[in-house]
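These are the residues of each chain, in order.
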Amino acid sequence: MAKLFSLENLTLAAIVLGILFGYLLPDLALSLQFIGQIYLALLKMLIIPIVVASIYIAITGLTGADELKSIGIKAFAYYFTTTALAVSLGLVVFNIFDPGSGATIQVDNLATPHQQLPEAKELSFATFLLSFIPTNIFAALSQGAILPIIFFTILFAIASIYIEASKKQLLYNFFDAINDAMMVLAKWIIALTPIGVFFLIAATIGKSGLEPLFALSGYALTVLVALAIHGGIVLPAIAYFVGHFNPYRYFTQIKEAPLIAFSTASSSATLPVSIEVAETKGGVDKRVAGFVLPLGATINMDGTALYESIAVMFIANLAGVDLTLSQQIIIFLTATFASIGAAGIPGAGLIMMTLILDSVGLPNEYIALIIAVDRFLDMFRTAINVWGDLLGAKIVDQLLRRHP
Ligand code: ASP
């Protein structure tokens, strides 16, 4: 009985009921949206302290530079391999389903005026590198600029390894205490998940209804099938063959996190939950989870990478443009790059689309065509982003246990 009313089952029920509520009573769902937003704001409130404290204690808790190097290399190898696989899978599934064939739409016919389109920041390689370095760490903290904060925290933690032992212990205890307190807070907020999720989903459905899903069903289905193959087969296969554990059993232990990712469409907002379930239910070492998950939530987005590659191919088809092999290679590279640069917030992937369209010379206006289903797809791709991070944490954990 207790299991029936577990947080996971209640969350699942809240998703289903939220869809129904949003569809049947859209106005009421929209006016009650603030309840979901309160839940989201509470989760977001924890992001910066958790990222700083968990990365700090993860690094300083390691026995030395060798262990850090070992975790770092494994984590980055995993991030890169799985992102590359996701983009490739997106391209392959697109070519099989071919959802855009036959239909050509000219830019001039698009109803959406240019001003309404999202804009990506100018992102040259130099600005990309520079964007990692916070010239003012307090400004970065107050703006929630997550990559610079991570960059600073990693350097700060490494530097602390070299200071006097008693001072090192002091700093460690300080951040460890912050981390523990944040985890207690996270548990309280996580208990509110079914309520928050119900109102978030209801408002999403209330806003757009279910119709856009049918209008762009070929494209949406292609993305969903590719996401399902990646999350259900490719990633679990890596977990099984490289990490030597049963990924499906692991999923049942940590499923709360992908469910929350699905409902919030934000990897960053899900981070407190990901860390908590990985450690307490998934059996991942605190130091590994504290390092791999915050970094992963920011730079490892398989679902987003996969979606980017399919969306740009779909848009090229609608524009009547045949992409050459070299253009497809550019898409491969920019989709990887864009998924690393995308923030873990709703709609970030769509904003990064402009970057990829620019790289192959397609007009940004075409984004208007896929906006209608973007929020739906965002929920699924974010769930895969978070699932990918959690599998990564477990794989690195398992590898370290076998070859420390
Ligand atoms: N919403 C996604 C995330 O937070 C990013 C995206 O828009 O693809 O992981």
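Anyway, here's the lowdown on the structure attached to this text.

**Some remarks on the overall build of the protein chain**
Helix and strand counts for the protein chain come out as 20 helices and 0 strands. Whereas a compact globule of 404 residues would reach a radius of gyration of roughly 22 Å, the protein chain reaches 21 Å, a difference of no more than 12%. Reported as C-alpha extents along the three principal axes, the dimensions of the protein chain are approximately 70 × 50 × 45 Å. The 404 residues of the protein chain split such that 53% are buried. Within the protein chain, contacts between residues at least 6 apart in sequence are counted, and of these 85% link residues at least 24 apart. Carbon and sulfur atoms provide 69% of the accessible area of the protein chain, an area that totals close to 17,700 Å². If you average the places of the 19 positive and of the 25 negative side-chain charges in the protein chain, the two averages end up 13 Å apart.

**Some remarks on the site of the ligand**
Surveying the vicinity of the ligand reveals 16 residues, the closest of which are Ser 267, Thr 304, Gly 349, Asp 378 and Arg 381. Take Gly 349: an N or O atom from its main chain is 2.7 Å from an oxygen atom of the ligand. When the ligand sits alone it has 280 Å² of accessible area, and the protein chains cover 100% of it. Elements that contribute at least two residues to the shell around the ligand include exactly helix H19 (348-359) and helix H20 (367-402). The greatest single-element share of the shell around the ligand, amounting to 4 residues, is contributed by H20.

**A closer look at the pattern of salt bridges**
Oppositely charged side chains are able to pair whenever their charged atoms sit close together. Evaluation of the coordinates by the stated rule reveals 8 salt bridges. The salt bridge involving Arg 287 is made with Glu 67; its shortest N-O contact spans 3.8 Å. Residue Arg 287 is found in helix H16 (residues 286-299), and its partner Glu 67 is found in helix H5 (residues 65-97); the two are separated by 220 residues along the sequence. As a salt-bridge pair, Asp 397 and Arg 401 come within 2.7 Å of each other at their nearest N and O atoms. Linking Asp 397 with Arg 401, this pair stays in helix H20, spanning 4 residues, or about one helical turn. Here the salt bridges share partners, and the residues they tie into one network are Glu 67, Asp 285 and Arg 287.

**A closer look at helix H12 (residues 217-243)**
Residue pairs three or four apart in sequence face the same way in an α-helix, which turns once every 3.6 residues. Here H12 spans 36 Å end to end across 27 residues, near enough to the 39 Å set by a 1.5 Å rise per residue. Of all the bends found along H12, the most pronounced is centred on His 230 and spans about 35°. Just downstream of H12, His 244 is the residue with a positive phi angle, here 55°.

**As for the packing of helix H4 (residues 47-60) against helix H9 (residues 165-190)**
At their nearest, the axes of H4 and H9 sit 9 Å apart, and the two run at 135° to each other. On the basis of the axis angle, H4 is oblique to H9. Crossing handedness for the pair H4 and H9: left-handed. Contact residues: H4 offers Pro 49, Ile 50, Val 52, Ala 53, Ser 54, Tyr 56, Ile 57 and Thr 60, while H9 offers Leu 171, Tyr 172, Phe 175, Asp 176, Ile 178, Asn 179, Met 182 and Met 183. Looking at the contact of H4 with H9 residue by residue, the class counts come to 12 nonpolar, 3 polar and 1 charged.

**What about the packing of H5 against H20?**
Packing of H5 against H20 brings their axes to within 10 Å, and their N-to-C directions diverge by 140°. Taken as axis vectors, H5 and H20 run oblique relative to one another. The handedness of the crossing between H5 and H20 is right-handed. Listed contacts from H20 to Ser 70, Ile 71, Lys 74, Ala 75 and Tyr 78 of H5 are Gly 388, Leu 391, Gly 392, Ile 395, Val 396, Leu 399 and Leu 400. Looking at the contact of H5 with H20 residue by residue, the classes come out as 8 nonpolar, 3 polar and 1 charged.

**Considering the packing of aromatic side chains**
The tally for this structure, following the rule as stated, stands at 14 aromatic pairs. Relative to Phe 198, the ring of Phe 21 lies with its centre 5.3 Å away and its plane at 25°, an arrangement referred to as stacked. With Phe 21 in helix H1 (residues 7-24) and Phe 198 in helix H10 (residues 193-208), this residue pair connects regions lying 177 residues apart in the sequence. Each member of the pair Phe 21 and Phe 198 is classed as buried. Here Tyr 240 and Phe 241 contribute two aromatic rings whose centre-to-centre distance is 5.1 Å and whose plane-to-plane angle is 85°, an arrangement assigned as edge-to-face. Classification of Tyr 240 as partly exposed rests on a relative accessible area of 49%. Here Arg 381 stacks its cationic end above the ring of Tyr 307, 3.9 Å away from the centre of that ring.

Definitions and limits used
Residues numbered from 1 in each chain as written. Predicted model: local features only at pLDDT ≥ 70, side-chain atom pairs only at ≥ 80, totals over all residues. Heavy atoms only, no water. Helix = DSSP H or I, 4+ residues; strand = E, 2+ residues; numbered from the N terminus. Rg over C-alpha atoms; globule rule 2.2 N^0.38 Å. Buried < 20%, exposed > 50% of the residue type's maximum accessible area, 1.4 Å probe, protein only. Contact = heavy atoms within 4.5 Å. Areas by Shrake-Rupley, 256 points an atom, 1.4 Å probe, with all protein chains shown as cover. Lys, Arg positive; Asp, Glu negative; His and termini not counted. Charge placed at Lys NZ, Arg CZ, Asp CG, Glu CD. Near = heavy atom within 4 Å. Polar contact = N/O pair within 3.5 Å; in protein donor to acceptor, adjacent residues only side chain to side chain. Salt bridge = Lys/Arg side-chain N within 4 Å of Asp/Glu carboxyl O. Expected span 1.5 Å × (residues − 1). Bend = angle between axes of the 7 residues up to and from the residue. Axes fitted to C-alpha atoms, helices over the stretch in contact; angles between N-to-C directions. Parallel < 35°, antiparallel > 145°, perpendicular 65-115°, else oblique. Left-handed = near helix turned anticlockwise from the far one by under 90°. Nonpolar A, V, L, I, M, F, W, Y, C, P; charged D, E, K, R; others polar. Phe/Tyr/Trp six-rings, centres within 6.5 Å; stacked < 30°, edge-to-face > 60°. Lys NZ or Arg CZ within 6 Å of the ring centre and 35° of its normal.

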